[in-house]
Amino acid sequence: MKIELVNIKHLQEYEQIFSRQKMEYLWREYLSCSKASWNKLDSMNEEQMRLAFHSWKSSSQIFGMEDFVRQCAAIEEKLSKRQSRSAMKNLISLCRQCYLDSTAKVAAYFKEKQGDGYGQ
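Residues numbered from 1 in each chain as written. Predicted model: local features only at pLDDT ≥ 70, side-chain atom pairs only at ≥ 80, totals over all residues. Heavy atoms only, no water.

K.L.:
Got a minute to help me understand the overall build of the chain in this structure?
P.N.:
A tally of regular secondary structure across the chain gives five helices and zero strands. Across the chain, helices and strands are ordered from the amino to the carboxyl terminus as α-α-α-α-α. Since a compact globule built from 120 residues should have a radius of gyration of about 14 Å, the 15 Å found for the chain is in line with a globular shape. Taking the principal axes of its C-alpha atoms as reference, the chain extends roughly 50 × 30 × 20 Å. By sequence separation, contacts in the chain at least 24 residues apart represent 75% of the contacts at least 6 residues apart. Accessible surface, the chain: about 7,300 Å² in total, of which carbon and sulfur atoms supply 51%. (Helix = DSSP H or I, 4+ residues; strand = E, 2+ residues; numbered from the N terminus. Rg over C-alpha atoms; globule rule 2.2 N^0.38 Å. Contact = heavy atoms within 4.5 Å. Areas by Shrake-Rupley, 256 points an atom, 1.4 Å probe, with all protein chains shown as cover.)

Next up, the structure:
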């Protein structure tokens, strides 16, 4: 199975369940919490980091962010096996870039839907 940056079909399935307005609310909350976690990441201990990646893994699924979810799961597993954060510096950097690319794509999706009268 091919891992996509963002699986729009998956995002749309959740949007049908929750409504566009609820998804947009969840998206704003997700971005706010994610920004706070990324800003604190360097000062977190390994368990706090593991929980941050676990949370991202879980919450990003609703937005179809498949590649980011996969990367978070890999980092979470390495942290649970007590791999040092210095050994994962490159993985975390790549994961951060994937987060930025994925959130840009999801944000563009929501912006496009607002512009076409979707859900009104």
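K.L.:
Looking at this structure, I do not really get the state of the cysteines. What am I missing?
P.N.:
A disulfide bridge is the covalent bond that connects two cysteines by way of their sulfur atoms. Within the structure shown, the criterion is met by zero disulfides. No disulfide involves Cys33; its sulfur sits 14 Å from that of Cys72, the nearest cysteine. Take Cys33: its relative accessible area is 48%, and that puts it in the partly exposed class. Not part of a disulfide, Cys72 finds its nearest cysteine sulfur in Cys95, a span of 4.0 Å. (Disulfide = S-S within 2.5 Å. Buried < 20%, exposed > 50% of the residue type's maximum accessible area, 1.4 Å probe, protein only.)

K.L.:
Got a minute to help me understand the pattern of salt bridges in this structure?
P.N.:
Opposite charge on two side chains lets them pair, provided their charged atoms get close. One pass over the structure, following the stated rule, counts six salt bridges. For the salt bridge of Asp67 with Arg70, the shortest nitrogen-to-oxygen distance reads 2.5 Å. Within this pair, Asp67 and its partner Arg70 are both found in helix H4 (residues 66-80), separated by three residues, close to a single helical turn. Of the residues examined, Asp67 reaches a relative accessible area of 16% and is grouped as buried. Residues participating in the shared-partner salt-bridge network are Glu47, Arg50, Lys57 and Glu76. (Salt bridge = Lys/Arg side-chain N within 4 Å of Asp/Glu carboxyl O.)

K.L.:
What is the right way to read the confidence of the model for the chain from this model?
P.N.:
The predicted coordinates ought not to be read in detail in places where the model reports low pLDDT. Model confidence for the chain is summarised by a mean pLDDT of 90, while 93% of its residues fall at 70 or above. Mean pLDDT per element in the chain: helix H5 (residues 89-115) is the minimum at 92, and H4 is the maximum at 96. (pLDDT = per-residue confidence, 0-100.)

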